Amino acid sequence: MACPHVESLTLRPPTPAQSVYREDCTQCFDSIDDPTGLDVCLQCFNGGCAGDRNHAKTHNALFSHPLALNIRRTRKVVVRDEPPLKMSKLAIAAETEADRYDVALSVKCYACERTDLDTADPKLAPVVEGIMSANTFSRKEEVKAWEQELTSCEHVLLLQQSEPRKIESQNLGHCSKCDLKENLWLCLECGNLGCGRAQFGGVGGNSHALAHATESQHGVAVKLGSITPEGTADVYCYTCDDERIDDNLAAHLANWGIILAEQQKTEKSLTEMQIEQNLRWEFSMTTEDGKELTPIFGPNLTGLKNLGNSCYLASILQCLYDIPSFQKRYYDISDPLPAVQDPAQDLETQLRKIGDGLLSGRYSKPDSDVSSGDVVPHQRGLSPSMFKHLMGRGHAEFSTMRQQDAFELLQHLIKLITRSQHIAPATDPTQPLRFVMEQRLQCLSCKKVRYTTVEQDNLFIDVPLEKLPAAEGEEPKYRPVPLKECLDNLTATETVELTCSACGSKDGYSKRQLFKTFPEVLVLNARKMAVINWVPVKVDVPVIVDDEPFLLDEYISKGQQPDEETLPEDAAPAGGAPAWVPDAEAVAQLEAMGFPRVRCEKALHATGNSDANAAMEWLFAHMEDPDIDVPLDLGAASGGGAGPADPERIDMLTGMGFSVPQARKALKETGGDIERSVEWLFSHPDDQGDFGDDAGAATEAAPTQEAQSAGSSELPAKFRLQSIVCHKGTSIHAGHYVAFIRKTVDGEPSWVLFNDEKVVEVVDVDEMKQFAYVYFFKRV
């Protein structure tokens, strides 16, 4: 008997623009590799698990989508001891899914309770084929992971080639200046063939292509072994000293008699070699006697798969979900998941999916598809591709697949979560991270004081860089620095050269910052950066942190004393709101680094006008902005004649989780630029925005919102190191991140290393102290 729903429903194959969730459930990490497989909706292509949780059935009940394609996949056994296939000199053959997996398909109808519908049915077959041939959601992300976002340049677009001629194949076999037969670069202007620079991984090179470019001023070259029939290749502009895209590559190669369709890729691309180099920054997975650390499994011990440059995300998520407030908010919760049409695009759903995946222990088990003899294999690891795409949406950096700064990601996630809905009795899980710092200014002449406070969820600590004497031929090492020394420097009294608003003295102020309250979880970012030739380079300075609890009582502020006289507030300029004035001390610090004043003011305005370090990072990230040297113009933002913000742009910002008033204010402050508006919002988290006609409603609503206190001033304030994010590499935007977390293993406290999908118990924690980048201290 035929299913009536097949005939009555309009079914169409997925379009290239539609996401097809055919690998794992959008609401949990059950996948096509589970015994019951995954059900993909034939109407909206949502993926739902078919096992005990049966999110596919829930989807059908909510949206009346009865038809689903069940996909079950079993992996062909791989022997771990077998060496990987070597790259062929003739061509690189990509391993297909059919080479690795056996796949079983069936179509079911939830309304008819049938699981045996004919996949060859004329109405079903095109949809089934479309689902199976479409790029999955995670596949699209993985493809991006191995590609950089490259652009063209004027030297490629205006390329003038010499007269056409055919370069004989024997002349394409080796460098024109030496005998190297690989890493060969063809000058697209004159047809010269030269070897490239020596590359990571033993790829030789004598830089004859660079020498030719320097002598002839011919800037654009293509790497012969990287050319594919599809038209992709490594194109390098020596004039720009950067990788580029050539949209007319086929025509440019044809000028030298090289037919694109006949080419085969025979060498790794520059991007592949860069990723390989990042992955080589490995943390020790062996004991002192050389034995491999044994994987451990269970609740709170689940690894995350590296999507290609996503270790920064995995390490931060592991540390966040170790915090009790995150566990309570996104795992120990009985409320049903939100009933939304597209769960993959819902932040609440994806945060709870991550919580269930990491904490339940459901997925923490050896990879059964790997045969490794007597050695226990590591976990397969959960793929956080849906969450990564969602949290990076609209962000200039996190929307890409490049390596990112783990601490910047932490700040981004905290802001996203803070702005998301927390319906009672649920609370904001980032609240335990918040505390208040109090700054005391005292005029050196009249002794009057001013106290100001700022709420924070993290602290930057600058680590002193002091090189130790090194033996001849050895790299110098840095003096180990106690954590207390860093905190002493942070809270030390300093002199600020400002004119006193009370007595007019130019002797300056003494300034000191201390804790007004302490958080439940204190997050510290250890800045170990040296600026070399105006480029920030990370150096490895060991920071000594004891495993035992320690007190921070000496760093608490006593507040204004009865005998202290308060400085008067600075007068506001005539005509209304006070004009924005860049922080003089921060400007001086940035100018001392060599930045022009215009750039200093722009950076401080974009980052909240308080921290020279944050402004410096902003400057390094915006060096290439075309308007970087255009003076800051706040007339449109502060004047009363600015028209209403574009509704479409307001919609884009509200779609990222911001309120309408916040979006309106940000657009006014940045001249309507979306990217700068997002940066402005992240830099002004406490600004409620421009309510316009809604001001009255906002005023009425304000009293009902009770402000939660940030931190506690109760003493003693005793903290213990709970987890850290470690980094290896010379740049925070490259290298490799891992997390070390204090866990309970077999009833005993122990340090556990989370290295992507690898989860192992460790004994020696000296290495983690050397490479620590972000610290999480728990109040005990």
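Computed from a predicted structure; not experimentally measured.

A. The pairing of strand 16 (residues 449-456), seen in detail. As paired elements, strand 15 (residues 435-443) and strand 16 share eight bridges and run antiparallel to each other. Paired with valine 436 across the bridge in strand 16 is glutamate 455.

B. Geometry of helix 10 (residues 311-320). The buried fraction of helix 10 is high, at 10 of 10 residues. Among all positions in helix 10, only Cys311, Tyr312, Leu313, Ala314, Ser315, Ile316, Leu317, Gln318, Cys319 and Leu320 are buried.

C. Looking closely at the sheet that holds strand 12 (residues 235-237). If you walk across this open sheet you meet the five strands as 8-7-11-12-13, and the pairing is antiparallel. Both outer strands of the open sheet, strand 8 (193-195) and strand 13 (242-244), are each paired with one neighbouring strand and no more. Averaged over all neighbouring strand pairs, the angle between strand axes comes to 35 degrees, with direction disregarded. Bridge count for strand 12 against strand 13 is three bridges, and the pairing is antiparallel. Each bridged residue has a counterpart across the sheet, and for tyrosine 236 the counterpart in strand 13 is glutamate 243. Packing against the sheet, helix 7 (residues 208-216) makes contact with strand 7 (184-187) and strand 8, and its axis sits at approximately 125 degrees to strand 8.

D. Structural view of the nonpolar core. Ranked by size, the top nonpolar core spans 73 residues in total, and within it Leu42, Leu67, Tyr321, Phe387, Met391, Leu410 and Phe776 carry the most contacts. In contact with leucine 67, not counting residues within four places along its chain, are Cys3, His5, Val6, Leu9, Leu11, Val40, Cys41, Leu42, Lys108, Cys109 and Leu117. In this structure, Leu522, Tyr555, Ala717 and Trp751 belong to the second largest nonpolar core, which totals 42 residues.

E. Local environment of the environment of leucine 9. With respect to the helices and strands, leucine 9 occurs in the loop between helix 1 (4-8) and strand 1 (38-41). A residue is classified by how much of its surface remains accessible, and leucine 9, at 18% relative accessible area, is buried. Sequence-wise, leucine 9 and proline 66 are 57 residues apart; in three dimensions their C-alpha atoms are separated by 9.6 Å. With residues up to four places along the chain from it excluded, the contact list for leucine 9 reads Gln43, Pro66, Leu67 and Lys123.

F. Summary view of the environment of glutamate 591. Here glutamate 591 shows up in helix 16 (residues 584-592). Residue class for glutamate 591 comes out partly exposed when judged on its relative accessible area of 36%. Excluding its chain neighbours within four sequence positions, the residues that come into contact with glutamate 591 are Arg597 and Cys600.

G. Seen up close, the packing of aromatic side chains. The full count for this structure, using the stated rule, is 14 aromatic pairs. Geometrically, the ring pair formed by tyrosine 321 and tyrosine 330 is tilted, given 6.4 Å between the ring centres and 50 degrees between the ring planes. The two residues tyrosine 321 and tyrosine 330 agree in class, both being buried. Considering the side-chain rings of tyrosine 775 and phenylalanine 777, the 5.8 Å spacing of their centres and the 15 degrees angle between planes classify their relative orientation as stacked. Classification of phenylalanine 777 by relative accessible area gives buried; the value is 1%. Among the aromatic residues, those joined into a ring-pair cluster are Phe435, Phe515, Phe518 and Phe719. Positioned above the aromatic ring of phenylalanine 29 is the side chain of lysine 353, whose terminal nitrogen or guanidinium carbon lies 4.7 Å from the ring centre.

Parameters at a glance
- Residues numbered from 1 in each chain as written.
- Predicted model: local features only at pLDDT ≥ 70, side-chain atom pairs only at ≥ 80, totals over all residues.
- Heavy atoms only, no water.
- Pairing = 2+ DSSP bridges.
- Helix = DSSP H or I, 4+ residues; strand = E, 2+ residues; numbered from the N terminus.
- Buried < 20%, exposed > 50% of the residue type's maximum accessible area, 1.4 Å probe, protein only.
- Axes fitted to C-alpha atoms, helices over the stretch in contact; angles between N-to-C directions.
- Contact = heavy atoms within 4.5 Å.
- Core = buried A, V, L, I, M, F, W, Y, C linked by side-chain atoms within 4.5 Å.
- Phe/Tyr/Trp six-rings, centres within 6.5 Å; stacked < 30°, edge-to-face > 60°.
- Lys NZ or Arg CZ within 6 Å of the ring centre and 35° of its normal.

By themselves, these figures tell us nothing about what the structure is for.
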